[in-house]
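Each chain, written out:
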Amino acid sequence: MKKKFVDSILPFQIDSKNLRGRFARVEKVTSDTLKNHHFPDEVCTLLIEALLLTILIGEMIKIRWKLSLQIRGSGGSIKLLATDYYAPREVGKPARVRAYADYDKDAKHFNLESGLFAITIDQGKKMEPYQGITPIIEGSLSKSAENYFFQSEQIKTFFDLNITKKHGEKNGKNWSASGFMLQALPEDNDNELVDDQSWNTLKNRIIEQTKDYLMSADFDQYRFLDNIFQTSTLTVFKETKLKSGCSCKRKTLLYTLAKYPKEQLEEMSDKQKKISANCQFCGKKFQFPLQEIFDYDEG
């Protein structure tokens, strides 16, 4: 029996047209990412949009360690959306993702009127992180991401994100989402440039085909892509599996706390002379006796 294409990202390219893209479907990943939080549905939807963009862009750039997306809102009820994509540690292993949101708890509606859209690429030790920043465009994360690529690389980019909440679903799989990323690369000697009319036709076909195929019980990712591009030059690469996973570590938090002055640490501690810290992403709780922090030796 063929395995269901879910919690995966599939890279592809159209050789003759200089087109490349990624298609992702997530279900358990989103539910696992959100399960320790109690965000309103509107906040969940925005956070899943940010998570999808992070997954699509992270796989496209071939991150060796981590790609982070931070959306800082201004003038609206969303203060922060933060997501991370960790590249697979080995070939064939899944990529890990995590996400967190900060918002006005008293707001009646949740939106992003304006703000900043920032992508940070961290390729690991001894590598200088790169950060690109663009303004939020029309309150849309997809349009902001498209503008980021046009601004930083002059590459025409399109994102189509679809998010559904399945009420009453068992096993916590109550959020289902898909993301499609398409890029038109510059013309070269071997491949032709995609003109504006063809580009718009493809965008409309992606939107329509996703609506038709995404919720079907027998969804086939290869047939889905064939129906969109209708060409024999479609090359589909091996998919990458995705899972929810956090990088928080007790040792890292201990190292951070040890840098605080002793007086400040004492003010932060409780009656039992302990300091508690929670990971905003996964909700994991850590507790540190003051003496352990005082005795910490970095070496």
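Structural data are supplied above this passage.
Here the structure is a predicted model, which is why all the values come from computation and not from measurement. (Residues numbered from 1 in each chain as written. Predicted model: local features only at pLDDT ≥ 70, side-chain atom pairs only at ≥ 80, totals over all residues. Heavy atoms only, no water.)

1. Remarks on the overall build of the chain
To be explicit about the condition: What counts as a helix is a DSSP run of H or I of at least four residues, what counts as a strand is a run of E of at least two, and both are numbered from the N terminus. C-alpha atoms define the radius of gyration in this analysis, and the globule rule sets the expected value at 2.2 Å times the number of residues to the power 0.38. The cut-offs for exposure are 20% and 50% of the maximum accessible area for each residue type, with area from a 1.4 Å probe on protein chains only; residues under the lower value are buried, those over the upper are exposed, and the others partly exposed. Two residues qualify as a contact provided that any one of their heavy atoms is within 4.5 Å of a heavy atom in the partner residue. Per-residue and other accessible areas follow the Shrake-Rupley method at a 1.4 Å probe size, with only the shown protein chains counted as cover for residues. We score Asp and Glu as negative and Lys and Arg as positive, and we do not count His or the chain ends. In plain terms, the charge of a residue is placed at NZ if it is Lys, CZ if Arg, CG if Asp and CD if Glu.
Along its length, the chain carries eight helices and 13 strands. Here the chain has a C-alpha radius of gyration of 21 Å; the compact-globule value for 299 residues is 19 Å, and the two agree. Dimensions of the chain, computed from the C-alpha atoms along their principal axes, are close to 70 × 45 × 45 Å. Among the 299 residues that make up the chain, the fraction classed as buried is 46%. The contacts in the chain between residues at least 6 apart in sequence include a share of 63% that link residues at least 24 apart. Surface exposure of the chain reaches about 16,500 Å², of which carbon and sulfur atoms provide 47%. Looking at charge distribution, the chain has the averaged site of its 45 positive side-chain charges lying 7 Å from that of its 41 negative ones.

2. A short note on the pairing of strand β4 (residues 78-86)
The side chains of a regular strand alternate, first on one face of the sheet and then on the other. Operational definition: Only when DSSP finds a minimum of two bridges between them are two strands counted as paired.
Most of β4 sits inside the fold, with eight of its nine residues counted as buried. Where strand β3 (residues 66-74) meets β4, seven bridges bridge the pair, whose relative direction is antiparallel. Within β4, the residue paired with Arg 72 across the bridge is Leu 80. If you look at the hairpin formed by β3 and β4, you'll find three residues sitting between the two strands, and Gly 75 has a positive phi there, around 80°. For β4 and strand β5 (residues 95-103), the ladder comprises eight bridges, and the chain directions are antiparallel. Bridging across to β5, Tyr 86 finds its partner in Arg 96.

3. Here we look at the environment of Lys 251
Examined against the element boundaries, Lys 251 turns out to sit in helix α6 (residues 250-257). Here the alpha-carbon distance between Lys 251 and Tyr 296, two residues 45 residues apart in the chain, equals 9.9 Å.

4. Looking at the packing of helix α2 (residues 41-61) against helix α3 (residues 141-153)
For the record, the criterion: Whenever a helix is involved, its axis is fitted only over the stretch in contact; in every case the axis is a line through C-alpha atoms, and angles between N-to-C directions fall within 0 to 180 degrees. Orientation labels follow simple angle bins: below 35 degrees gives roughly parallel, above 145 gives roughly antiparallel, 65 to 115 gives roughly perpendicular, and whatever is left gives oblique. Rotating anticlockwise by less than a right angle from the far helix to the near helix defines a left-handed crossing, while the corresponding clockwise rotation defines a right-handed one. Three residue categories are used. Nonpolar comprises Ala, Val, Leu, Ile, Met, Phe, Trp, Tyr, Cys and Pro, charged comprises Asp, Glu, Lys and Arg, and polar comprises the others, including Gly.
Where α2 meets α3, the closest approach of the two axes is 10 Å, and the angle between their N-to-C directions is 30°. Considered as vectors, α2 and α3 are oriented roughly parallel to each other. In this structure, α2 crosses over α3, and the sense of that crossing is right-handed. Residues Leu 46, Glu 49, Ala 50, Leu 53 and Ile 57 of α2 form the contact with α3, whose own contacting residues are Leu 141, Ser 142, Ala 145 and Phe 149. Partitioned by chemical class, the residues of the contact of α2 with α3 number seven nonpolar, one polar and one charged.

5. Quick notes on α2
We count it as follows: Expected span of a helix, by definition, is 1.5 Å for each gap between consecutive residues, and there is one gap fewer than residues.
With 21 residues, α2 should cover 30 Å at 1.5 Å per step; its first-to-last C-alpha distance of 30 Å lies within 8% of that length. With respect to burial, α2 is a largely interior element, 16 of its 21 residues being buried. Two residues or fewer after α2 comes Lys 62, characterised by a positive phi angle close to 60°.

6. So, the packing of helix α4 (residues 196-213) against helix α5 (residues 221-229)
Close contact between α4 and α5 brings their axes to 9 Å; oriented N to C, the two are set at 145°. Both α4 and α5 take part in a crossing whose hand is right-handed. Counting all contacts with α4, which are made through Leu 202, Arg 205, Ile 206, Gln 209, Thr 210 and Tyr 213, the residues of α5 involved are Arg 223, Phe 224, Asn 227, Ile 228 and Phe 229.

7. Looking at α4
Formally: Directions drawn from the helix axis to the C-beta atoms are what define this arc.
Helix length check: α4, at 18 residues, gives a terminal C-alpha distance of 26 Å against a target of 26 Å (1.5 Å per residue), a fit within 8%. Where α4 is concerned, the buried positions are Trp 199, Leu 202, Ile 206, Gln 209, Thr 210 and Tyr 213. Angularly, the buried residues of α4 cover 100° about the axis, an arc narrow enough to put them on a single face. Facing away from the buried side of α4 by over 90 degrees, the exposed positions are Asp 196, Gln 197, Lys 211 and Asp 212. Next to the buried residues of α4 lie β2 (19-26), β8 (156-165), β9 (175-184) and α5.

8. Things to note about the pairing of strand β11 (residues 240-244)
Sheet analysis places strand β1 (residues 8-14) next to β11, joined by two bridges and oriented antiparallel. When the sheet's bridge partners are listed, Ile 9 is paired in β11 with Thr 240. Of the strand pairs in this sheet, β5 and β11 are connected by three bridges, and their pairing is parallel. Within the sheet, the bridge partner assigned to Val 97 lies in β11 and is Ser 244.

9. Some words on the environment of Glu 187
Note on placement: Glu 187 falls in the loop between β9 and α4. In this structure Glu 187 comes out as exposed when scored by relative accessible area, which is 54%. Counting along the chain gives 89 residues from Glu 187 to Ser 276, while the straight-line C-alpha distance between them is 56 Å.

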